[in-house]
2 protein chains.
Amino acid sequence: MKRQMRLGMSMRGLGYHPAAWRHPKVPADGSLSFAHYVRNAQAAERGLFDMIFFADGIGIREKDEPRGSLARSGYEIVEMEPMTLLPALGALTRHIGLVTTASTTYNEPYHVARKFATLDLISGGRAGWNIVTSWSEAEARNFNREEHLDYDTRYERAAEFVEVVTGLWDSWEPDAFPYDKAGGLFYDESRMHVLNHVGKHFQVRGPLNVASMPQGRPILVQAGASEPGREIAAATADVVYAAQDSIPNAKAYYDDVKSRMAKYGRSPDDLKIMPGLRTVVGRTRAEAQAKFDELQSLLDPLVGLARVYNALGDLSGHDVDGPVPEPVKPPQVRSIVDQMMQRVRRDKLTIRQLYTQMTAGGFCLIGTAADIADGMEEWFDAGACDGFNILPTHLPEACEDFVEHVTPELQRRGVFRTAYEGATLRENLGLKPHVNRYVAARKRSQAAD
Amino acid sequence: MKRQMRLGMSMRGLGYHPAAWRHPKVPADGSLSFAHYVRNAQAAERGLFDMIFFADGIGIREKDEPRGSLARSGYEIVEMEPMTLLPALGALTRHIGLVTTASTTYNEPYHVARKFATLDLISGGRAGWNIVTSWSEAEARNFNREEHLDYDTRYERAAEFVEVVTGLWDSWEPDAFPYDKAGGLFYDESRMHVLNHVGKHFQVRGPLNVASMPQGRPILVQAGASEPGREIAAATADVVYAAQDSIPNAKAYYDDVKSRMAKYGRSPDDLKIMPGLRTVVGRTRAEAQAKFDELQSLLDPLVGLARVYNALGDLSGHDVDGPVPEPVKPPQVRSIVDQMMQRVRRDKLTIRQLYTQMTAGGFCLIGTAADIADGMEEWFDAGACDGFNILPTHLPEACEDFVEHVTPELQRRGVFRTAYEGATLRENLGLKPHVNRYVAARKRSQAAD
């Protein structure tokens, strides 16, 4: 059998194109509608996706420049809280993995351990935690802070947070509960473990008051682009959402992260690397391009100008169909602005052309199902990834298009499942079973005797 | 039409009798089984209950005295986290209210506001928040503290916490979202409000990134037994779970709390007071008593001794069928111990008889459906309550017994609904619609013009 692709479907809000909410087929109130999420989740399950995934922010997106742009953007304004939404989606699906973000900066490890353990129980072993260290000022100000924590503190806290959560998940060994009604023994004290964690950021005693997770423990997901992020991913993650936009970059990243795993006693197969991919599918290339062009045409100028605000400042006083003026305010990231302005000068871009092009950036495949499968196979065969995290432009259409057209094409080529292989997300991803640390220690000590 | 009773079904874990897990009809692993919770929730909905309710603790119960008793107790050891469980139950029910505890001591208001708002959206307007200030050392030690916060600090923090959460829930007025695709306007800035809360315990900017809750805002529930608790309940609660065990006590409590409401501009009907009630139903009185006796007989001596440990110390060295020795260690609450020992001397109780009697304490009705309906009506007609929060001895049987036998009896007597009246929990409870504070302020200011 050919090596199999892993597929995730990101389904935050209304989709990943900033004009998604204005699309005729998108329910503009969908990010507050349970039926909308159910439809998308069930479509992804029909398409045999390994998992659905929700990114998250604990506040409304705050880049309200130029003034008024936020109110014209349907993106990351109001939406359901994913840790509350996922159990409900779990009750209405049977196979698909349920992955969401939870911040290590604005949560407590005991809560996170409990909630994901409970999600794993409810869903029969389909829970996954995307570990993030939040960075936005908007989030900080909803949690008693004027500024977000500095980078080093966030990463240090995150590492300790994950240590506590994974420790709590091992509180009870798999055979801790004899449930012996006649003898009156509910649990076996020798199989229950008090963590007693005392660290720089957390003191957590344990044990966790949830146990018997079908996956042993939930799947750990990370983005892991930075240097410390890559190291944490190599040490602990089951899945990495990568963000490269070319095969050479993606392959370099893939090889780098996988090569770091041996020193943690892990095999490269223990971690699945899945870059984000936007797809626009048509029955013909022209139809696909027309679909994409329709979305691009719906981009509101103020929303477009907000996307270049950080680099170029407030251009709302300029004609959007006129030339891009030279940057006046000192740019935050010099190299990005230089690159952008080189392209502007070379192609003589108007402001509208610039922000429209920027919206089309990243790894994006537009074409027939065969074109898209070709692009995916090219990356996959080049050793640039283990699969993809699909970022649908607009929901539910882009998700349903993929499921209807691309899934069967990948199946025909023998690189994607025709039925779920296992009962849990861990099994479907082809990951090893989790072994409780106390069970492992006892086995080691018995082997040494 | 007669005044109607409100009914809640508490369904934490395996039930409220400490021997529940040993009962032949109880699934001993039920507190970790989604199917168990679904069965109970759907039974309560068949019985037209206003709501199901989950108490919660953020750690395993810790009164492991005498040694070994905890492992023999199936009670508050491992269970699902209710804020994760309720959305899943919401997806598989249509009418019943979904209420759970969330602690104001170990949470952040922005998270709590988001999660309950999301639950309200998922369930079509059935969310309720039971506000508690946690008090156990076991919980403190899972959240970076050696001891729990002192009483005054907990209540002060709780009051500010509720102020922030209710403020965040009003972030968006009901008409804040024109969703105008043609004009490109997603939300109306004049209908979005930034809370900018700066208090002693919290700084929370807002706005909340969830909106359009079917109930306007979730239902607020409290226990409210203490003096400040009664005042907070009178000022803000929609429902109070009371704990009196006699009509005179319950009526005094009821009258006291309701009389405090006028000064907050509230009518007595704006708050529903529901004492906890355990019921054991049989086709005959003898059958009901036999059911209760069976449970009592399953009480493990060590678990029983744990219930008298705080008052009388460790009696595990004594014969449980021998006399109760005089207390040796200084008791924590003198008056309770004196009362207990008076009864012991008067009735010449053995240790086993004492702990078994204590398990039967509280407001408990044992008998036929008619007996139980009689008892409930007596309280209800005496003005001691607006309904009851049923505490089933063991699940699912005690819940299903009630639904099958007592619900129809109450319906025959015309004191309980025969179909859900409204679409939301708020409507079913007969509470007024919630009015957004900014809408109310605008109306007041327009009326003054």
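The shown structure was predicted, so the numbers you read here are calculated from the model rather than taken from an experiment.

Here is what the cut-offs are and how they apply
- Residues numbered from 1 in each chain as written.
- Chains lettered and ligands numbered in written order.
- Predicted model: local features only at pLDDT ≥ 70, side-chain atom pairs only at ≥ 80, totals over all residues.
- Heavy atoms only, no water.
- Contact = heavy atoms within 4.5 Å.
- Buried area = accessible area lost by both parts, 1.4 Å probe.
- Salt bridge = Lys/Arg side-chain N within 4 Å of Asp/Glu carboxyl O.
- Polar contact = N/O pair within 3.5 Å; in protein donor to acceptor, adjacent residues only side chain to side chain.
- Helix = DSSP H or I, 4+ residues; strand = E, 2+ residues; numbered from the N terminus.
- Nonpolar A, V, L, I, M, F, W, Y, C, P; charged D, E, K, R; others polar.
- Axes fitted to C-alpha atoms, helices over the stretch in contact; angles between N-to-C directions.
- Parallel < 35°, antiparallel > 145°, perpendicular 65-115°, else oblique.
- Buried < 20%, exposed > 50% of the residue type's maximum accessible area, 1.4 Å probe, protein only.
- Domains from an automatic or database assignment.
- Phe/Tyr/Trp six-rings, centres within 6.5 Å; stacked < 30°, edge-to-face > 60°.
- Lys NZ or Arg CZ within 6 Å of the ring centre and 35° of its normal.
- Right-handed = clockwise from strand over helix to strand, strands pointing away.
- Pairing = 2+ DSSP bridges.
- Disulfide = S-S within 2.5 Å.
- Core = buried A, V, L, I, M, F, W, Y, C linked by side-chain atoms within 4.5 Å.
- Expected span 1.5 Å × (residues − 1).
- Least-squares fit on C-alpha atoms with pLDDT ≥ 70 in both.
- Left-handed = near helix turned anticlockwise from the far one by under 90°.

Taken together, the contact pairs 78 residues of chain A with 78 residues of chain B. Around 6700 Å² of area is buried between chain A and chain B when both sides are counted, 57% of it from carbon and sulfur atoms. Per-residue buried area on chain A facing chain B is highest for Asn144, Lys181 and Phe186 of chain A; these three make up 11% of the total on that side. In this assembly, chain A and chain B are joined by six salt bridges. The closest approach of N and O atoms between Glu81 of chain A and Lys115 of chain B, which form a salt bridge, is 3.4 Å. Run the count over chain A and chain B and you get 39 residue pairs in polar contact (both at pLDDT 80 or more). Secondary structure elements with two or more residues in the side of chain A that touches chain B: helix H2 (82-91), helix H3 (109-122) and strand E6 (203-204) of chain A. The biggest single contributor to the side of chain A that touches chain B is H3 of chain A, with eight residues. Considered class by class, the residues forming the side of chain A that touches chain B number 40 nonpolar, 19 polar and 19 charged.

On to the packing of helix H9 (residues 301-312) of chain A against helix H11 (residues 351-359) of chain A. Residues and elements named next belong to chain A. For the pair H9 and H11, the least separation of the axes is 9 Å and the interaxial angle reads 85 degrees. Considering the angle they form, H9 stands roughly perpendicular to H11. For the pair formed by H9 and H11, the contact residues are Pro301, Gly304, Leu305, Arg307, Val308 and Leu312 on the first element and Ile351, Arg352, Leu354, Tyr355, Met358 and Thr359 on the second. Among the residues forming the contact of H9 with H11, the class breakdown is eight nonpolar, two polar and two charged.

Across all of its chains, the model carries 68 salt bridges over all chains by this definition. We note a salt bridge from Arg67 of chain A to Glu189 of chain B, for which the minimum N-O separation is 3.7 Å. Remark: Glu189 of chain B occurs in the loop between helix H5 (151-169) and strand E5 (197-198) and Arg67 of chain A occurs in the loop between strand E2 (51-54) and H2; the pair is interchain, linking two chains. Given a relative accessible area of 63%, Arg67 of chain A falls into the exposed group. Note that Asp256 of chain A and Arg260 of chain A form a salt bridge whose closest N and O atoms lie 3.0 Å from each other. The exposure class assigned to Arg260 of chain A is buried, which follows from its relative accessible area of 10%. Where salt bridges share partners, they join Glu227, Arg230, Glu231, Asp256, Arg260 and Lys263 of chain A into one cluster.

Here the focus is the domain arrangement of chain A. Residue and element names in this part refer to chain A. The assigned domain composition of chain A is domain 1 (6-286 + 362-448) and domain 2 (287-359). For domain 1 versus domain 2, the separation of C-alpha centres amounts to 32 Å. Between domain 1 and domain 2, the contact holds 28 residues from the first and 22 residues from the second. For the pair domain 1 and domain 2, the summed buried surface comes to about 2200 Å²; carbon and sulfur atoms form 61% of the total. When the buried area of domain 1 at its contact with domain 2 is split by residue, His17, Pro18 and Pro66 rank highest and sum to 23% of it. The interface formed by domain 1 and domain 2 includes three salt bridges.

A few words on the packing of aromatic side chains. This model, assessed by the stated rule, comprises 38 aromatic pairs over all chains. A ring pair is formed by Tyr37 of chain B and Phe54 of chain B, whose centres lie 5.9 Å apart and whose planes are at 50 degrees; its orientation type is tilted. On the criterion of sequence distance, the pair formed by Tyr37 of chain B in helix H1 (residues 34-46) and Phe54 of chain B in strand E2 (residues 51-54) is long-range, its members being 17 residues apart. Both residues of the pair, Tyr37 of chain B and Phe54 of chain B, count as buried. Put simply, the rings of Trp21 of chain A together with Trp172, Phe177, Tyr179, Phe186 and Tyr187 of chain B pair up and form one aromatic cluster. Over the ring of Phe380 of chain A we find Arg3 of chain A; its NZ or CZ atom is 3.9 Å from the centre of that ring.

Attention now moves to the pairing of strand E8 (residues 239-242) of chain B. Residues and elements named next belong to chain B. What you see with E8 is no split at all: Val239 and Tyr241 on one side and Val240 and Ala242 on the other are buried throughout. Crossover handedness for the path strand E7 (residues 219-222) to helix H6 (residues 227-236) to E8: right-handed. Strand direction decides the pairing type here: E8 and strand E9 (residues 272-281), joined by four bridges, are parallel. Residue pairing in the sheet places Tyr241 in a bridge with Met274 of E9. With respect to chirality, the unit in which E8 leads through helix H7 (residues 247-259) into the neighbouring parallel E9 is right-handed.

Here the focus is the state of the cysteines. Here a disulfide denotes a covalent bond joining the sulfur atom of one cysteine to the sulfur atom of another. Applying the stated criterion across every chain yields a total of zero disulfides over all chains. Residue Cys385 of chain A stays outside any disulfide, its sulfur separated by 16 Å from that of Cys364 of chain A, the closest cysteine. Lacking any disulfide linkage, Cys399 of chain B is separated from the closest cysteine sulfur, that of Cys364 of chain B, by 16 Å.

Our next topic: the nonpolar core. Grouped together as the largest cluster of nonpolar side chains are 189 residues, with contacts concentrated most on Ile52, Trp129 and Met376 of chain A together with Ile52, Trp129 and Met376 of chain B. In contact with Ile52 of chain A, other than residues within four places in its own chain, are Met9, Met11, Ala41, Ala44, Leu86, Leu89, Ile96, Gly97, Leu98 and Val99 of chain A.

A few words on helix H12 (residues 369-381) of chain A. In a regular helix each residue adds 1.5 Å, so 13 residues correspond to 18 Å; H12 of chain A covers 18 Å between its end C-alpha atoms and thus fits that length. Remark: Gly383 of chain A follows H12 of chain A within two positions and exhibits a positive phi of approximately 75 degrees.

Now for the relation of the copies chain A and chain B. Here the second copy of the chain follows from the first by a rotation about an axis and a shift along it. Least-squares fitting of chain A to chain B yields an RMSD of 0.0 Å, with the transformation described by 0.0 Å of translation along the axis and a rotation of 180 degrees. Both copies of the chain, as the preceding transformation shows, are related through a two-fold rotation axis. Looking at the rotation axis and the C-alpha trace of chain A, the residue lying nearest is Ala88 of chain A, at 2.0 Å. Both copies present the same face, since 100% of the interface residues in chain A are matched by interface residues at the equivalent positions in chain B.

Take the packing of helix H1 (residues 34-46) of chain A against helix H13 (residues 397-412) of chain A next. Each pair of packed helices can be described by the angle between their axes along with the distance between the axes. All names here are of chain A. One way to put it is that H1 packs onto H13 with a least axis distance of 9 Å and a crossing angle of 15 degrees. Classified by the interaxial angle, the pair formed by H1 and H13 is roughly parallel. The element H1 and its partner H13 pack so that their crossing is left-handed. Between H1 and H13, the contacting residues are Arg39, Asn40, Ala43, Ala44 and Arg46 on the first element and Cys399, Glu400 and Val403 on the second. Here the residues of the contact of H1 with H13 sort into four nonpolar, one polar and three charged.

Topologically, His36 of chain B is positioned in helix H1. In this structure His36 of chain B touches Gly13, Leu14, Pro27, Gly30, Ser31, Leu395 and Pro396 of chain B, once residues within four positions along its chain are discounted.

Moving on, we come to unusual backbone geometry. A cis amide bond links Gly206 of chain A with the next residue in sequence, Pro207 of chain A, at an omega value of -5 degrees. You can see Pro207 of chain A is positioned in the loop between E6 and strand E7 (219-222). Cis geometry marks the peptide bond from Leu395 of chain A to Pro396 of chain A, where omega comes out at 0 degrees. One can find Pro396 of chain A in the loop between strand E11 (387-390) and H13. You will see that Asn196 of chain A, though not glycine, has its phi angle at about 55 degrees, which is positive. Here Asn196 of chain A is to be found in the loop between helix H5 (151-169) and strand E5 (197-198). Phi angles above zero are rare outside glycine, and Tyr179 of chain B is one such case at about 45 degrees. Within the secondary structure, Tyr179 of chain B sits in the loop between H5 and E5. Look at Tyr179 of chain B and you get partly exposed, because its relative accessible area is 22%.

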